[in-house]
Amino acid sequence: MGELALALLTAIGDLCAGIVGKLIGRTFRLEPEQAWKIGELALTLMVAAAIVITLLYS
């Protein structure tokens, strides 16, 4: 996987952790590998939601 893809996944993971942290009033200190895994999960869920919505409304 390219460096840009890894950086984007890590940024998405950090963003998700930041949003959840704000919602529950807690700060998460993520290692880069943890942030990457969260970003990967978030991106997978977004793609799955897009596919489901497309199938429902087509």
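Residues numbered from 1 in each chain as written. Predicted model: local features only at pLDDT ≥ 70, side-chain atom pairs only at ≥ 80, totals over all residues. Heavy atoms only, no water.

Regarding the pattern of salt bridges
Okay, step 1: Counted under the stated rule, the structure contains 1 salt bridge.
Okay, step 2: Here Lys-37 ties to Glu-33 by a salt bridge, and the two come within 3.7 Å at their closest N and O atoms. Here the residue Lys-37 and the residue Glu-33 both occupy positions in helix H2 (residues 32-56), the gap between them amounting to 4 residues, near one helical turn.
Okay, step 3: With relative accessibility at 48%, the residue Lys-37 sits in the partly exposed group.
Okay, step 4: Look at Glu-33 and you get exposed, because its relative accessible area is 53%. (Salt bridge = Lys/Arg side-chain N within 4 Å of Asp/Glu carboxyl O. Helix = DSSP H or I, 4+ residues; strand = E, 2+ residues; numbered from the N terminus. Buried < 20%, exposed > 50% of the residue type's maximum accessible area, 1.4 Å probe, protein only.)

A few points about a nonpolar patch on the surface
Okay, step 1: A grouping of Leu-15, Ile-19, Val-20, Leu-23, Ile-24 and Phe-28 is seen on the molecular surface, where their side chains present a nonpolar patch of about 600 Å² in accessible area.
Okay, step 2: The class for Leu-15 is exposed, based on a relative accessible area of 52%. (Patch = residues over 30% accessible without salt bridge, like charges linked within 9 Å, V, L, I, M, F, W, Y side chains within 5 Å. Areas by Shrake-Rupley, 256 points an atom, 1.4 Å probe, with all protein chains shown as cover.)

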